[in-house]
Amino acid sequence: MKIKPLFDRIVIEQVDNEEKTKSGIVLLAKDQEKPIMAKVVAVGPGGLIDGVDVKMVIKKGDLVLYSKYAGSEFKIDGKEVTIIKQSDVLAVVE
């Protein structure tokens, strides 16, 4: 299935987090923080939103940091993805 976000929305897929701390302690799934780094899978076209012309600066394939509790999570073709607004992206990782 192909997903095409609308307006200023982007679809992101979580990047796997380390399951160990820097000191080597293994974390259980319940103890891990929600990841805030993700790969952009799809980008909406932008456009006129609430009377403001929004241009998309995020592109497919970017690695981004985003707000911790932003967006809505979905399962598509067995993969978990999150749909967020472009304004929830804090930074692009280069």
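Residues numbered from 1 in each chain as written. Predicted model: local features only at pLDDT ≥ 70, side-chain atom pairs only at ≥ 80, totals over all residues. Heavy atoms only, no water.

### A few points about the nonpolar core
Phase 1 of the analysis: Of all hydrophobic cores here, the largest spans 10 residues; its members are Ile10, Ile12, Ala38, Val40, Ile58, Val64, Tyr66, Ala70, Ile84 and Val89.
Phase 2 of the analysis: Those elements that provide at least two residues to this core are β1 (9-14), β2 (37-43) and β5 (63-66).
Phase 3 of the analysis: The residues contacting Ile12, other than those within four sequence positions of it, are Ala38, Lys39, Val40, Val41, Val64, Tyr66, Val81, Thr82 and Ile84. (Core = buried A, V, L, I, M, F, W, Y, C linked by side-chain atoms within 4.5 Å. Buried < 20%, exposed > 50% of the residue type's maximum accessible area, 1.4 Å probe, protein only. Helix = DSSP H or I, 4+ residues; strand = E, 2+ residues; numbered from the N terminus. Contact = heavy atoms within 4.5 Å.)

### As for the pattern of salt bridges
Phase 1 of the analysis: Throughout the structure, instances matching the rule amount to 1 salt bridge.
Phase 2 of the analysis: Two residues, Lys59 and Asp62, come together in a salt bridge whose shortest N-O distance is 3.3 Å.
Phase 3 of the analysis: For Lys59, a relative accessible area of 54% translates into the label exposed. (Salt bridge = Lys/Arg side-chain N within 4 Å of Asp/Glu carboxyl O.)

### Examining the side chain of Asp62
Phase 1 of the analysis: Take Asp62: it is sitting in the loop between β4 (52-54) and β5.
Phase 2 of the analysis: Judged by its relative accessible area of 10%, Asp62 falls in the buried class.
Phase 3 of the analysis: A polar atom in the side chain of Asp62 sits 3.0 Å from the backbone nitrogen of Lys59. (Polar contact = N/O pair within 3.5 Å; in protein donor to acceptor, adjacent residues only side chain to side chain.)

### Looking at the side chain of Thr82
Phase 1 of the analysis: Turning to its location among the elements, Thr82 is positioned in strand β7 (residues 79-85).
Phase 2 of the analysis: A relative accessible area of 3% means that Thr82 is categorised as buried.
Phase 3 of the analysis: At a separation of 3.5 Å, a polar atom in the side chain of Thr82 contacts the side chain of Gln14.
Phase 4 of the analysis: If sequence neighbours within four positions are ignored, Thr82 has contacts with Ile10, Val11, Ile12, Gln14, Ala70, Gly71, Ser72 and Glu73.

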